[in-house]
Amino acid sequence: MASLTETSLLSDLLAEPRPSTWATLRQAAETSLQAQAFPTSREEDWKYTDLKALRDTSFRPGKLEDANISEYILPEARGTRLVFVNGHFAPHLSNTSALAPGVRMLTLACASEAAAGLGSLARPETSDPFANLNHARFTDGAYLFVPKNVRVEAPLHVLFVSQQKGSDATYSLPRVHVVLERGAQAQLVEEYLGQGHYFTNAVVEVHLHEGATLSHERVQRESKEAFHITSLAARVDRNARYVCRTLSLGARLSRQTPKVRMAEEGAELELNGLALLDQDQVADTHSLIDHTVPHCSSRQLHKTIVDGQSRGIFNGKIFVHPGAQQTDAQQQARSLLLSESARVDAKPELEIFADDVKCAHGAAIGQLDPEELFYLQSRGLNLKTARNLLTYGFAAELLAAIPVPSLRRQLRRAVMARTNASDLEALA
């Protein structure tokens with residue numbers, strides 16, 4: 001077995017079956033990979049993220065294993081759930097019996113209609129070797145399709161579980177392809193979790209056609225020994241609305257790279273995130289909101305809570321193309337430091353090439369307010385409880401907006417456990 005930088009890992013993946021319908025995508029990714037070295041901190045996009053631990057780890061392909069997902073089953077999605085274990089479809093854990101007529105929720109291996117569109121948004125490119133690795137070597141994933149003017153009431157739940165068996169670290173290459181036709185509406189929960197030492201390298205594509213609406217919850221609660229890298233490419237067409245929330249709670253090292261293209265007039269976007277870190281965790285978010293046409297709006301709020309010796313990184317860019325007049329784009333990055341050893345690097349960016357726009361961005365990094373702590377203590381709370389209450393309150397804004405009640409309760413409890421906010425359990 002060899003590290004990610006050596007050819008033997010790629011050879012292991014080459015042994016996996018590769019459907020001929022994706023040969024063009026795979027070959028383009030292979031060509032890009034051949035010219036790409038392992039990213040280092042000398043590159044601007046990886047300046048604050050040390051990948052040495054990932055580079056020095058040996059991985060082997062994960063196998064389909066049994067997994068206990070009982071505590072993660074969403075009651076609202078009992079009949080709209082796809083589960084993958086170590087990158088392989090787990091039919092005994094999945095249930096799609098409650099899908100509305102015309103709605104498709106399939107594995108990519110079974111969804112021939114997805115072949116033409118796969119890779120059309122997350123194209124192979126020279127700037128992202130991990131996405132290229134997924135393009136070239138993935139074997140399966142989830143295909144979600146909602147036909148025009150269909151409103152899906154139940155959330156669509158796609159769950160990726162990783163299980164390390166034995167002493168060797170494993171890897172998986174999840175893939176998600178989502179298409180909502182004109183006027184369609186849906187809720188999607190994309191979730192990653194696991195046990196042990198492993199590497200998850202995922203690619204997600206989302207295409208919202210005219211007037212479609214998608215609420216997309218992305219939950220990363222991997223093992224604290226895991227590495228997690230995910231690329232998201234989305235296209236929002238005329239008068240469509242995309243609401244995407246990413247919550248990063250787990251993994252030793254995680255990186256999210258959402259790229260959203262506002263492709264037609266009237267497109268709307270909310271792209272929010274929360275990273276809750278402690279010990280020596282690292283969470284990196286590099287986002288791009290690409291305003292290509294006039295009369296589109298975007299809102300981005302990214303929050304980071306860091307404790308111990310953890311590190312949060314946020315680099316968010318809003319790009320307004322020439323001619324994209326009447327763009328309304330707002331971006332905020334807010335970070336809370338709970339220890340003197342924790343660190344956050346925030347770099348919000350605006351590049352504007354149109355003269356009739358309403359755009360703003362900002363970043364704030366600080367500690368708990370001593371006056372607020374004093375006020376809570378004056379009302380009878382001890383210092384620890386006051387700190388936990390304020391920390392939970394910092395995160396609660398994003399949690400409260402999650403539209404799936406059972407998921408909202410799960411994540412509230414998870415955040416409470418991390419902030420030691422047991423006195424707040426009644427809120428969940």
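Look above for the structure.
Residues numbered from 1 in each chain as written. Predicted model: local features only at pLDDT ≥ 70, side-chain atom pairs only at ≥ 80, totals over all residues. Heavy atoms only, no water.

Peer 1: Just checking my understanding: could you explain the pairing of strand β19 (residues 328-337) for this structure?
Peer 2: Note on strand geometry: in a regular strand, side chains alternate between the two faces of the sheet. The buried count for β19 comes to 7 of 10 residues, which makes it a mostly enclosed element. Of the strand pairs in this sheet, β19 and strand β21 (residues 358-366) are connected by 9 bridges, and their pairing is parallel. Bridge pairing links Arg-334 to Ala-364 in β21. (Buried < 20%, exposed > 50% of the residue type's maximum accessible area, 1.4 Å probe, protein only. Helix = DSSP H or I, 4+ residues; strand = E, 2+ residues; numbered from the N terminus. Pairing = 2+ DSSP bridges.)

Peer 1: What is the right way to look at the environment of Gln-309 in this model?
Peer 2: Within the element layout of this structure, Gln-309 appears in the loop between β17 (297-306) and β18 (311-320). A sequence separation of 29 residues divides Gln-309 from Leu-338, and the C-alpha atoms of the two residues are 9.9 Å apart.

Peer 1: Honestly, the sheet that holds strand β3 (residues 88-89) in this entry has me stumped. Any pointers?
Peer 2: Sheets are built from strands paired through backbone hydrogen bonds, the pairs being either parallel or antiparallel. Judged by pairing direction, the sheet is mixed, and its 10 strands sit side by side in the order β3-β2-β6-β9-β11-β13-β15-β17-β19-β21 without closing on themselves. Each edge of the sheet is formed by a strand with only one pairing partner; in this case those strands are β3 and β21. Direction of pairing for strand β11 (residues 213-221) relative to strand β13 (residues 241-248): parallel, over a ladder of 8 bridges. Pairing of Glu-217 across the sheet is with Arg-245, part of β13. The strands touched by helix α6 (residues 383-400) are β13, β15 (268-277), β17 and β19; relative to β17, the strand with the most contacts, the crossing angle is about 150 degrees. Along the sheet face, helix α7 (residues 405-419) touches β9 (185-195), β11, β13 and β15 and points at about 35 degrees away from the line of β11. (Contact = heavy atoms within 4.5 Å. Axes fitted to C-alpha atoms, helices over the stretch in contact; angles between N-to-C directions.)

Peer 1: What exactly am I supposed to notice about the packing of α6 against α7 here?
Peer 2: Any two packed helices are characterised by how steeply their axes cross, that is the angle between the axes, and by the distance between the axes. Put simply, α6 and α7 touch, their axes get as near as 10 Å, and they point 155 degrees apart. Considering their axes alone, α6 and α7 lie roughly antiparallel with respect to each other. Here the hand of the crossing between α6 and α7 comes out right-handed. Judged by residue contacts, Asn-388, Thr-391, Tyr-392, Ala-395, Leu-399 and Ala-400 of α6 engage Arg-408, Leu-411, Arg-412, Val-415, Met-416 and Thr-419 from α7. Grouping the amino acids of the contact of α6 with α7 by side-chain chemistry returns 7 nonpolar, 3 polar and 2 charged. (Parallel < 35°, antiparallel > 145°, perpendicular 65-115°, else oblique. Left-handed = near helix turned anticlockwise from the far one by under 90°. Nonpolar A, V, L, I, M, F, W, Y, C, P; charged D, E, K, R; others polar.)

Peer 1: Please clarify how the packing of aromatic side chains should be interpreted in this entry.
Peer 2: The final tally for this structure, using the stated rule, is 9 aromatic pairs. On the numbers, 6.2 Å between centres and 80 degrees between planes, the contact of Phe-130 with Phe-199 is edge-to-face. Placement of the pair is Phe-130 in helix α4 (residues 129-137) and Phe-199 in strand β10 (residues 198-208), with a sequence separation of 69 residues. Each member of the pair, Phe-130 as well as Phe-199, is classed as buried. Following the ring pairs from residue to residue traces out a cluster consisting of Phe-38, Trp-46, Phe-59, Phe-130, Phe-199 and Phe-227. (Phe/Tyr/Trp six-rings, centres within 6.5 Å; stacked < 30°, edge-to-face > 60°.)

Peer 1: Explain the pattern of salt bridges to me, please; I cannot follow it from the model alone.
Peer 2: Two side chains bearing opposite charge may form a pair once their charged atoms approach each other closely. Here the structure, examined in full by the defined rule, presents 22 salt bridges. Between Asp-56 and Arg-55 there is a salt bridge whose closest N-O contact spans 3.9 Å. Close ionic contact of Arg-60 with Asp-168 constitutes a salt bridge, the shortest N to O distance being 3.9 Å. You can see Arg-60 sitting in strand β1 (residues 59-61) and its partner Asp-168 sitting in the loop between β6 (156-163) and β7 (169-172), a full 108 residues away along the chain. A relative accessible area of 17% means that Arg-60 is categorised as buried. (Salt bridge = Lys/Arg side-chain N within 4 Å of Asp/Glu carboxyl O.)

Peer 1: Any chance you could explain the side chain of His-286 here in plain terms?
Peer 2: Here His-286 lies in strand β16 (residues 282-291). A distance of 3.2 Å separates a polar side-chain atom of His-286 from the backbone oxygen of Asp-45. Only 2.8 Å separates the side chain of His-286 from the side chain of Asp-284, close enough to count as a polar contact. In this structure His-286 touches Asp-45, Arg-255, Gln-256, Thr-257, Pro-258, Ile-313 and Asn-315, once residues within four positions along its chain are discounted. (Polar contact = N/O pair within 3.5 Å; in protein donor to acceptor, adjacent residues only side chain to side chain.)

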